[in-house]
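# Survey of secondary and tertiary structure
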Amino acid sequence: MRRAFRLVIIATALAVTSCSATFVDARVPADTQHRLWRSFYAGGLIGHAELDIRDVCASGRAREVRTGEDALTLALTIVTLGIYAPRRVVVTCGVEEPAP
């Protein structure tokens with residue numbers, strides 16, 4: 001029982017020390033928001049995710065891009081003891097400008 005408790009404490013500590021990042025371009029008016037999922041492993045140490053905004057936003061411009069954990073990704077990281085550590089990416093697209 002003590003070993004299981006220690007594992008839970010370690011997994012929680014690993015999950016809480018995750019990375020997050022935010023990019024904001026205040027010059028771009030906000031439009032639609034997309035929530036994406038990216039997979040990482042070993043507490044986020046293994047894995048690489050590239051995101052081309054042009055694949056997500058019709059305008060090809062983003063107002064805001066946020067990466068990090070939410071309740072579900074944190075729970076999955078804890079349940080898997082950090083083996084699987086997904087991250088949520090939230091992209092707020094810029095308004096599509098009309099063609100000239």
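Refer to the structure presented above.
Residues numbered from 1 in each chain as written. Predicted model: local features only at pLDDT ≥ 70, side-chain atom pairs only at ≥ 80, totals over all residues. Heavy atoms only, no water.

As a further point, take the pairing of strand S4 (residues 87–94). The buried fraction of S4 amounts to eight of the eight residues, a majority that puts the element mostly inside the structure. Here seven bridges tie strand S2 (residues 30–38) to S4, and the two strands are oriented antiparallel to one another. Considered in S4, the bridge of leucine 36 is made with valine 89. Here six bridges tie strand S3 (residues 62–68) to S4, and the two strands are oriented antiparallel to one another. Pairing of arginine 66 across the sheet is with valine 90, part of S4. (Buried < 20%, exposed > 50% of the residue type's maximum accessible area, 1.4 Å probe, protein only. Helix = DSSP H or I, 4+ residues; strand = E, 2+ residues; numbered from the N terminus. Pairing = 2+ DSSP bridges.)

Turning to the packing of aromatic side chains, a few remarks are in order. Under the criterion given, the structure shown has one aromatic pair. Taking 5.5 Å as the distance between ring centres and 45 degrees as the angle between the ring planes, the aromatic pair formed by tyrosine 41 and tyrosine 84 counts as tilted. Of this pair, tyrosine 41 sits in the loop between S2 and helix H2 (53–56) while tyrosine 84 sits in the loop between helix H3 (71–79) and S4; the two residues are 43 residues apart in sequence, bridging distant segments of the chain. Judged by its relative accessible area of 39%, tyrosine 41 is partly exposed. (Phe/Tyr/Trp six-rings, centres within 6.5 Å; stacked < 30°, edge-to-face > 60°.)

This brings us to the pattern of salt bridges. Between side chains of opposite charge, a pair can form as their charged atoms come close. Following the criterion strictly, the structure yields five salt bridges and no others. Note that glutamate 64 is salt-bridged to arginine 66, the shortest N-O span being 3.2 Å. (Salt bridge = Lys/Arg side-chain N within 4 Å of Asp/Glu carboxyl O.)

Applying the stated criterion to the full structure yields one disulfide. Between the sulfur of cysteine 57 and that of cysteine 93 lies a disulfide, 2.0 Å long from S to S. Across the disulfide from cysteine 57 to cysteine 93, rotation about the S-S bond amounts to roughly -80 degrees, and the bridge is consequently left-handed. Separated by 36 residues along the polypeptide, cysteine 57 in the loop between H2 and S3 and cysteine 93 in strand S4 bring together distant segments of the chain. Given a relative accessible area of 2%, cysteine 57 falls into the buried group. (Disulfide = S-S within 2.5 Å.)

As a further point, take unusual backbone geometry. Excluding glycine, most residues fall at negative phi; most peptide bonds, likewise, are trans. Phi at leucine 81 is positive, roughly 55 degrees, even though this residue is not glycine. Positionally, leucine 81 belongs in the loop between H3 and S4.

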